[in-house]
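Structural overview for review
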Amino acid sequence: MKIFAEVFTKSLTKKGEELCGDSVEVVQSEDGIIAVMADGLGSGVKASILSTLTVRIASTMIKNRASIEEVVKTLINTLPVCRVRQLAYSTFSILEINDDGEGRLFEFDNPPVIYIRDGKVLKLPYRELRVEERKILEYRFEAFPGDKIFLVSDGVIHAGVGGVLNLGWQWPNVAEYLQRLDRRGYFVSEMVDQLIKTCSHLYSGNPGDDTTVVGVGLRKSELITVLVGPPEDRSKDAEVVKKLIDSEGKKVVCGGTTANIVSRETGRKVVTNMDYADPAIPPVGSIEGIDLVTEGLITLSRCVEILRNFVNTYSFSPHFLDDIRKKKDGASMLADLLVNRSTHIRFLVGRAVNPAHRNAYLPEGTSDKLKIVEELAQILKKCGKRVYIELY
């Protein structure tokens, strides 16, 4: 069974600093994800440079199948040395999970991983590696849908030290807190948000250290195929419709002409709903075997607007997602399918240009439709989805 990892992260910057000394880099590959979190020595600009270099180098090398020994040696020889302490120092956690659920994690001087399954914190086995006189912990594990993994920087377990809590929050307390949230049914994105808010509260709104949380949620892979517009060559109508019908997972058709082509090629009737859930958005229709049938450009444009706001406010907020679920207009229903109910999205985009949609400022043969799909794809990638576009 294929699984998919969704990554959510939030940080607090140390009081008095403009830049956070913690950095996170997430790399999506064709067969999994790599997430790297680093905590640079000290705080401010120098720490930010150290941690940024660390996550960029580590994620790139791991993606290219370098060994942890090669990564550590490269970091040691690359990071700038602090003139005062004569150290080039950045702690790090490198997490890699492939689509088959095979996971590994390397930790250097960061707080231990918090791994939650079925409401319980698991104690993962590990082995110690010695690389350039540094102790690296290596974990190997099998991940399952529903598992939640949290990487935290020192700022989390030190929250409240010398103030609300004499010794800080400490790892067992943080792990117990996340365990309780999981048992209450919180999403990973919510748990990240709640944890960072609690840290801010314990710091009385003035963080004494850079504070970062990375949350990884595992779920089953879910494909959705979206057919947008007719093919440029009408002889390909049957081929494209067959590709849609034969695809696994959910199926969406955008555009009235496109829906009619699907109806003609499958012999299934298009049923139009004349009830407007939103007066600004054309109503949805239905075709047997298709999960959603919408109008074209207006609906797609509104869907882009919804998801653009979603990403720009950061949010990945379940409350935002719940609001989308409650709405019954075509744009909101499409946004719900793309963000909430899929991990892999394939757009089948027809190149045929509707004269009514021609834009004098676009190159010949290009339509607003393709520009909208490309923007939608970029937004979905920011949400951690894997997106593919096929043109016809």
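Quick notes on the rules
Residues numbered from 1 in each chain as written. Predicted model: local features only at pLDDT ≥ 70, side-chain atom pairs only at ≥ 80, totals over all residues. Heavy atoms only, no water. Axes fitted to C-alpha atoms, helices over the stretch in contact; angles between N-to-C directions. Helix = DSSP H or I, 4+ residues; strand = E, 2+ residues; numbered from the N terminus. Parallel < 35°, antiparallel > 145°, perpendicular 65-115°, else oblique. Left-handed = near helix turned anticlockwise from the far one by under 90°. Contact = heavy atoms within 4.5 Å. Core = buried A, V, L, I, M, F, W, Y, C linked by side-chain atoms within 4.5 Å. Buried < 20%, exposed > 50% of the residue type's maximum accessible area, 1.4 Å probe, protein only. Pairing = 2+ DSSP bridges. Polar contact = N/O pair within 3.5 Å; in protein donor to acceptor, adjacent residues only side chain to side chain.

By the naming in an unreviewed UniProt entry, the chain goes by Stage II sporulation protein E and is assigned to Caldanaerobacter subterraneus subsp. yonseiensis KB-1.

Here the focus is the packing of helix α1 (residues 44–63) against helix α2 (residues 68–78). For any two helices packed against each other, the geometry comes down to the angle between their axes and how far apart the axes lie. Running from N to C, α1 and α2 point in directions that differ by 150 degrees, and their axes come no closer than 10 Å. When the interaxial angle is binned, α1 and α2 end up roughly antiparallel. Classified by chirality, the crossing of α2 by α1 is right-handed. Note on element contacts: α2 touches α1 through E70, V71, T74, L75 and T78, opposite L53, T54, I57, A58, M61 and I62.

Turning next to the nonpolar core. Counting 35 residues, the largest nonpolar core has V226, L307, L338, F347, L376 and L380 as the members making the most contacts within it. Every element with two or more residues in this core is listed here: β12 (223–228), β13 (250–254), α8 (297–312), α10 (330–340), β17 (344–349) and α11 (368–382). Looking at which element gives the most residues to this core, the answer is α8, with eight residues. For L380, the contacting residues outside a window of four places in its chain are L307, L338, V339, I345, F347, K385 and V387. Residues F150, V152, A159 and Y177 belong to the second largest nonpolar core, which totals 24 residues.

Ordered in space as β2-β3-β4-β5-β9-β8, the six strands form an open sheet in which the pairing is antiparallel. Both outer strands of the open sheet, β2 (22–29) and β8 (126–131), are each paired with one neighbouring strand and no more. The sheet shows a mean angle of 15 degrees between the axes of neighbouring strands, taken without regard to direction. Relative to strand β9 (residues 134–142), strand β5 (residues 102–108) runs antiparallel, the two sharing six bridges. Bridged to R104 within β9 is R140. Along the sheet face, α1 touches β2, β3 (32–40), β4 (90–98) and β5 and points at about 155 degrees away from the line of β3. Contacts between α2 and the sheet are confined to β4, β5, β8 and β9, with β4 contributing the most and set at about 150 degrees to the helix.

In this structure, S93 sits in strand β4. Apart from residues no more than four positions distant in its own chain, S93 is found in contact with A35, V36, M37, L105, F106, E107, N110 and L151.

Backbone hydrogen bonds hold the strands of a sheet together, and the pairing may be parallel or antiparallel. Pairing is antiparallel across the open sheet formed by five strands, whose spatial order is β1-β11-β10-β6-β7. Of all strands in the sheet, those bounded by a partner on one side alone are β1 (3–12) and β7 (120–122). Adjacent strand axes in the sheet meet at a mean angle of 25 degrees, parallel and antiparallel pairs treated alike. Looking at chain direction, strand β6 (residues 114–117) and strand β10 (residues 148–152) are connected through three bridges and run antiparallel. Bridge pairing links I114 to F150 in β10. Relative to β1, helix α5 (residues 188–202) is tilted by about 20 degrees, and along the sheet it contacts β1, β6, β10 and β11 (211–220).

Here we take up the environment of T52. Turning to its location among the elements, T52 is positioned in helix α1. Spatially, the C-alpha atom of T52 lies 8.9 Å from that of D39, the residues being 13 residues apart in sequence. Within polar-contact distance, the side chain of T52 engages the side chain of S23 at 3.2 Å.

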